[in-house]
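Listed below are the residues making up each chain.
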Amino acid sequence: MLPVVALMALLALPVSGDTARSGGSTPADVMSGVLVLLAVAGAVRRAERPLGRTALVVLGLPVVGFAVAATGAADAATGLTGLGRYLQVFVLVPAAVLLLVRDRADLRVLAWAFVGLALVQGGIGAHQYATGTGASYMGADIRAVGTFGPTDVMGMATVVSYGVICAVGLALGAAPGTGTGTGTPAGSATGTATGTAVRQRAVALVCALLLLVPLALSFSRGAWIATAVACAAQLLLAGVRRAVAVGAVLAAVLVVLVGGVGVGTAMLQERVDSITKVTDAPDQSVLDRYTMWAAAVGMWRERPVTGVGLKNFPAHRDGHASLALSSGSDTAGAGSGFVRQPLLSPHNMYLLVLSEQGLLGLLALAGGWGALLVLGVRRLALVRGAAVRAPGAPSARGADCGLLACGLLVWQLVDFAYADIGGPSTVLTAVALGVVAWWALGADAR
């Protein structure tokens, strides 16, 4: 797991404003290439077929849509660049993680790495808010963005959201049997496993509660909604009784944070209230998003099967957007000067794929995500069923892995309705999809 953890550690490094704005490669992107090479080398050394038939179909089918859309790009260089990015995020890195993760212990290592990275980025973000050194928000440099800077305001929110979901999954799924106890008497092994589960649950719960603060300070409405939906799904998958009990505890904690500690500042409360006004009185950012969504639908209607081509949304945007679209968004703070950032995507992954790759690309890509969700939930149901029938059996272990994997996928599916790929944090999305793929498709997950 060292190469995967190293990739995640590189995401804690600051990203220069020029690299973020130009979409250039970061050290984490370079490490993702090394990750793929290591996975390929391991498969060659073992001299065996690395992926099963189902994995090949689920991970390989989107390649068809990517390749067809690349031929419709403005030029060959643009098509190859877009093709490489899509292959990196949705095929190569997830497949590499799928091959490198050996068992559920490895998956837990990755889960704690997600939590650790989230605590680092969240701590930096909370410090930015407290000292007024974050990204600009409503005239004040208070928006928590971590090391990603003002040009990738969703970066820290994404990392922290992943950390919350992994921590919640580890806390909900921890049960006697997550430890090993090999080579020890039965009573000692049971006690060790129980103690490990209690410690994991306690530490994970504390981490999840701590991460709620920087998540709130990110002022990212999409991340809030996606995290709430994903955690609710995890609670329901863990059991209705537990969902009710944990929901009551979380509600009490939120009341204390907002009312007692004072986390709920006027700006934060206004941001929360704006979620309910996206149709009645939307702000300019929401208006821009609606306008770009309409432009994406217009591009799809023009070329419904194959779309307008990879990375061609900016070139076709003005021809389909209304006059309500602003010239760009203002970014400043967090060590960067004022920059007018152009609006180059619809901030909706489904509509971005639909406009650039058409129905062919969307059905292939979203169909793979749907398959991962069905297979992942099915695996989790089998594990929970085995836990009821034979609590000590090896097949009954791993509910925590299933809960965090399903939670990550649910979060991503919801968040893609408000965001798309882009920015230095995108490579972490590929790692998260690899975790999901291992649980849904990996041999050890069965």
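For the structure, see preceding data.
Thresholds applied
Residues numbered from 1 in each chain as written. Predicted model: local features only at pLDDT ≥ 70, side-chain atom pairs only at ≥ 80, totals over all residues. Heavy atoms only, no water. Patch = residues over 30% accessible without salt bridge, like charges linked within 9 Å, V, L, I, M, F, W, Y side chains within 5 Å. Areas by Shrake-Rupley, 256 points an atom, 1.4 Å probe, with all protein chains shown as cover. Salt bridge = Lys/Arg side-chain N within 4 Å of Asp/Glu carboxyl O. Helix = DSSP H or I, 4+ residues; strand = E, 2+ residues; numbered from the N terminus. Expected span 1.5 Å × (residues − 1). Buried < 20%, exposed > 50% of the residue type's maximum accessible area, 1.4 Å probe, protein only. Arc of directions from axis to C-beta. Contact = heavy atoms within 4.5 Å. Axes fitted to C-alpha atoms, helices over the stretch in contact; angles between N-to-C directions. Parallel < 35°, antiparallel > 145°, perpendicular 65-115°, else oblique. Left-handed = near helix turned anticlockwise from the far one by under 90°. Nonpolar A, V, L, I, M, F, W, Y, C, P; charged D, E, K, R; others polar.

Novice: Where do I start with a nonpolar patch on the surface in this structure?
Specialist: On the surface, a nonpolar cluster with roughly 470 Å² of combined accessible area is contributed by Val57, Leu61, Val64, Val68, Val305 and Leu360. By residue number, the principal contributor to the nonpolar patch is helix α4 (residues 53–71), which donates 4 residues. In this fold, Val305 is placed in the loop between α12 (284–302) and α13 (313–320).

Novice: Sorry, what's going on with helix α3 (residues 27–46) here?
Specialist: Spacing of three or four residues puts side chains on the same side of an α-helix, whose turn is 3.6 residues. With 20 residues, α3 should cover 28 Å at 1.5 Å per step; its first-to-last C-alpha distance of 29 Å lies within 8% of that length. Considered for burial, the residues of α3 that qualify are Ala28, Asp29, Met31, Ser32, Leu35, Val36, Ala39, Gly42 and Ala43. Along α3, the residues classed as buried sweep out an arc of 155° about the axis, all on the same side. Relative to its buried face, α3 has exposed residues pointing more than 90 degrees away, namely Val30, Leu37, Val44 and Arg45. Where α3 is buried, its residues touch α1 (2–10), α5 (76–100) and α16 (426–441).

Novice: Explain the packing of α5 against α16 here, please?
Specialist: The description of two packed helices rests on the angle between their axes and on the distance between the axes. Axis separation between α5 and α16 bottoms out at 7 Å; the angle between their running directions is 45°. Classed by the angle they form, the pair α5 and α16 counts as oblique. α5 and α16 meet at a crossing whose hand is right-handed. Packed against α5, whose contacting residues are Arg85, Gln88, Val89, Phe90, Val93, Pro94, Val97 and Leu98, the element α16 presents Thr426, Val427, Ala430, Val431, Leu433, Gly434, Val435, Ala437 and Trp438 at the interface. Looking at side-chain class alone, the contact of α5 with α16 contains 13 nonpolar, 3 polar and 1 charged residues.

Novice: Got a minute to help me understand the pattern of salt bridges in this structure?
Specialist: For side chains bearing opposite charge, pairing can occur when the charged atoms are close. In this structure the tally under the stated criterion is 4 salt bridges. Here Arg85 and Asp29 are joined by a salt bridge, their closest N and O atoms 3.3 Å apart. With Arg85 in helix α5 and Asp29 in helix α3, the pair connects residues that are 56 residues apart, well separated along the chain. Relative accessible area serves as the criterion here: at 23%, Arg85 is assigned to the partly exposed category. For Arg102, the salt bridge goes to Asp106, with nearest N and O atoms at 2.8 Å. On the accessibility criterion, Asp106 (6% relative accessible area) is buried.

Spatial relationships are all this shows, so hold off on functional conclusions.
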